Amino acid sequence: MGQLALAAKITHVPSMYLSELPGERQGTRQDAIDGHIEIGRRCRELGVDTIVVFDTHWLVNANYHLNCAPRWEGTYTSNELPHFISNMPFAFPGNPELGRILAQACSEQGVETLAHDATTLAPEYGTLVPMRYMNADQHFKVVSVSAMCTSHYLNDSARLGWAMREAVEQHYDGKVAFLASGSLSHRFAQNGLAPEFAFKIWSPFLERLDHEVIEMWKNGDWQDFCAMLPEYAAKGHGEGFMHDTAMLLGALGWSAYDGKVEVITPYFAASGTGQMNAVFPVTKQDGSAVPPPEASRATSYRAFPRL
């Protein structure tokens, strides 16, 4: 029925918003902004109606959650970096129907997921920043997915990604894009050194590691990358423990994925962290390589009571 039409790994650095404003940082993130605009253009060209964002700024401690309210509108200031994102307006429609379909499919595959469509919860800036540049005209509906998962298995996140793709393909009448909104290495500059590292990676080790990973992505070395993802997430300080990346690769077929990444915005540094925008071509997959769920196989597991 439906189609996963586009998949991408994207940045959401708050300095993109700062780059819009008068001052010494004005224009310094235009390449990242242009990358978002290009991804939004491709989504329009492909007929995408809804963008699903795996948001590494939405922290959850139990289960997986979807924010699929009918609409969001407001003014956002980051509690983390209020001197970077302050009083930023946002407005775009949600997709409650798709959110419920996705949550049900994930739960049925053993990854307990709750859809929140009657909620006052606003999206975090891992969703708000890309939607500012991809969706300024409110063309797309949006569903935000919790991807700062503090107590979760990467295998569950991979299975969630695959379950969502199957849900789109089997139960949704439309075209969808999946965006993994998070960095590569995410070791912030030590307090007091942020200005010095505004355009530098925190360490040569992390920079080299990120570049090696990007080459693996460009070459299609997915078996090796999926095998090393847990260690890369830990030793490479992956943002959100790289659950967004696991979700994306799960949707693409995990280690059986046979696409090669197209870099849209080349790798760049932001406050010590490693960033990029890249499109992952969607290829035909059967899901056989996607890991089974972990949490629901535990003998003491109890599903979260439905609200």
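Definitions and limits used
- Residues numbered from 1 in each chain as written.
- Predicted model: local features only at pLDDT ≥ 70, side-chain atom pairs only at ≥ 80, totals over all residues.
- Heavy atoms only, no water.
- Helix = DSSP H or I, 4+ residues; strand = E, 2+ residues; numbered from the N terminus.
- Rg over C-alpha atoms; globule rule 2.2 N^0.38 Å.
- Buried < 20%, exposed > 50% of the residue type's maximum accessible area, 1.4 Å probe, protein only.
- Areas by Shrake-Rupley, 256 points an atom, 1.4 Å probe, with all protein chains shown as cover.
- Lys, Arg positive; Asp, Glu negative; His and termini not counted.
- Charge placed at Lys NZ, Arg CZ, Asp CG, Glu CD.
- 1 Å grid on protein atoms, 1.4 Å probe; cavity = no way out; pocket = protein on both sides within 12 Å on 5 of 7 lines; lining within 4 Å.
- Points joined across faces, edges and corners; volume = space filled by probe spheres on them.
- Nonpolar A, V, L, I, M, F, W, Y, C, P; charged D, E, K, R; others polar.
- Polar contact = N/O pair within 3.5 Å; in protein donor to acceptor, adjacent residues only side chain to side chain.
- pLDDT = per-residue confidence, 0-100.
- Phe/Tyr/Trp six-rings, centres within 6.5 Å; stacked < 30°, edge-to-face > 60°.
- Core = buried A, V, L, I, M, F, W, Y, C linked by side-chain atoms within 4.5 Å.
- Contact = heavy atoms within 4.5 Å.
- Salt bridge = Lys/Arg side-chain N within 4 Å of Asp/Glu carboxyl O.

Let us now look at the overall build of the protein chain. Each helix and strand counted, the protein chain has eight helices and ten strands in total. Taken against the 2.2 N^0.38 rule, which gives 19 Å for 307 residues, the C-alpha radius of gyration of the protein chain at 18 Å falls within 12% of a compact globule. Dimensions along the principal axes, computed over C-alpha positions, put the protein chain at roughly 50 × 40 × 40 Å. The burial tally for the protein chain puts 58% of its 307 residues in the buried class. Accessible surface, the protein chain as shown: approximately 12,700 Å² in total, 51% of it carbon and sulfur. Each charge sign in the protein chain was given a centre, from 23 positive and 34 negative side chains, and these centres are 0 Å apart.

Before going further, it helps to examine the layout of surface pockets. Summary: where empty space remains is shown by rolling a probe the size of a single water molecule over the atoms. Estimated volume of the largest pocket: approximately 260 Å³. In terms of lining residues, the largest pocket is bounded by 15 residues, among which His83, Phe84, Ala194, Pro195 and Ser271 are the most central. In terms of residue class, the lining of the largest pocket is made up of seven nonpolar, five polar and three charged. By volume, the second largest pocket amounts to about 210 Å³. As for the second largest pocket, its lining consists of 16 residues, of which Ala62, Asn63, His152, Ala295 and Tyr301 are closest to the centre. Per-class residue counts for the lining of the second largest pocket are eight nonpolar, five polar and three charged.

You can see Asp55 is positioned in strand β2 (residues 50–60). In this structure the side chain of Asp55 is engaged in a polar contact, spanning 2.7 Å, whose partner is the backbone nitrogen of His57.

Further remarks concern the confidence of the model for the protein chain. Across the protein chain, the average pLDDT comes to 96, with 98% of residues at 70 or higher. Element-level mean pLDDT values for the protein chain span from 97 in helix α1 (residues 15–18) up to 99 in strand β8 (residues 175–181).

This brings us to the packing of aromatic side chains. One pass over the full model with this rule turns up twelve aromatic pairs. A centroid spacing of 6.4 Å and a plane angle of 90° characterise the contact between Trp222 and Phe225, whose relative ring orientation is edge-to-face. Of this pair, Trp222 and Phe225 both sit in helix α7 (residues 222–235), three residues apart, roughly one helical turn. Among the residues examined, Trp222 registers a relative accessible area of 1% and is labelled buried.

In this section: the nonpolar core. By size, the foremost hydrophobic cluster in this structure holds 62 residues, and its most contacted members are Phe178 and Phe280. A total of eight residues in this core trace back to one element, the largest contributor, which is helix α5 (residues 154–171). The residues contacting Phe178, other than those within four sequence positions of it, are Leu4, Leu6, Ala7, Ala8, Val52, Phe54, Gly161, Met164, Arg165, Val168, Leu248 and Ala251. Within the second largest apolar cluster, 37 residues are counted, among which are Ala5, Val48, Trp72 and Leu81.

The next subject is the pattern of salt bridges. Applying the stated rule across the entire model yields 14 salt bridges. In this structure, the salt-bridge partner of Arg41 is Glu38, at a minimum N-O distance of 2.8 Å. Separated by three residues within a single helix, Arg41 and Glu38 lie in helix α2 (residues 30–46), roughly one turn from each other. Note that Glu196 is salt-bridged to Lys200, the shortest N-O span being 4.0 Å. For Lys200, a relative accessible area of 38% puts it in the partly exposed group. Within this structure, Glu38, Arg41, Arg42, Glu45 and Glu262 form a network of salt bridges that share partners.

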